[in-house]
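# Reading the structure
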Amino acid sequence: MRQVGTSFFSDQGGTAELAFDDDFDTTCTQTAVNGAIGCQFDTQTQVTTVGVLSGTSGVFALFFE
């Protein structure tokens, strides 16, 4: 589900908005070593479900703050 009222970010690589646009044909590829793709909610938000659809294989870590 597309997140609204949110700021997206990507450390040194990719268009972060593509990771959250609810379109399976677009991806945000992270090219920085130990880089991150994420979003920051602009208002207090209760998150009840999180999903990841990877565009590539590899080892990934998820962080929630």
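Rules and cut-offs
- Residues numbered from 1 in each chain as written.
- Predicted model: local features only at pLDDT ≥ 70, side-chain atom pairs only at ≥ 80, totals over all residues.
- Heavy atoms only, no water.
- Phe/Tyr/Trp six-rings, centres within 6.5 Å; stacked < 30°, edge-to-face > 60°.
- Helix = DSSP H or I, 4+ residues; strand = E, 2+ residues; numbered from the N terminus.
- 1 Å grid on protein atoms, 1.4 Å probe; cavity = no way out; pocket = protein on both sides within 12 Å on 5 of 7 lines; lining within 4 Å.
- Points joined across faces, edges and corners; volume = space filled by probe spheres on them.
- Nonpolar A, V, L, I, M, F, W, Y, C, P; charged D, E, K, R; others polar.

## What about the packing of aromatic side chains?
The full count for this structure, using the stated rule, is one aromatic pair. With a centroid separation of 4.8 Å and an interplanar angle of 20°, the aromatic rings of F8 and F20 are classed as stacked. A residue pair is termed long-range when its members are at least 10 positions apart, and F8 in strand β1 (residues 6-10) and F20 in the loop between β1 and β2 (37-41) qualify at 12 residues.

## Details of the layout of surface pockets
Looking at the largest pocket, its volume works out to about 2,000 Å³. Contributing to the lining of the largest pocket are 44 residues, with F20, I37, G51, V52 and L62 lying nearest its centre. Residue contributions to the lining of the largest pocket peak at five residues, all from β2. Classifying every residue of the lining of the largest pocket by side-chain character gives 22 nonpolar, 17 polar and five charged.

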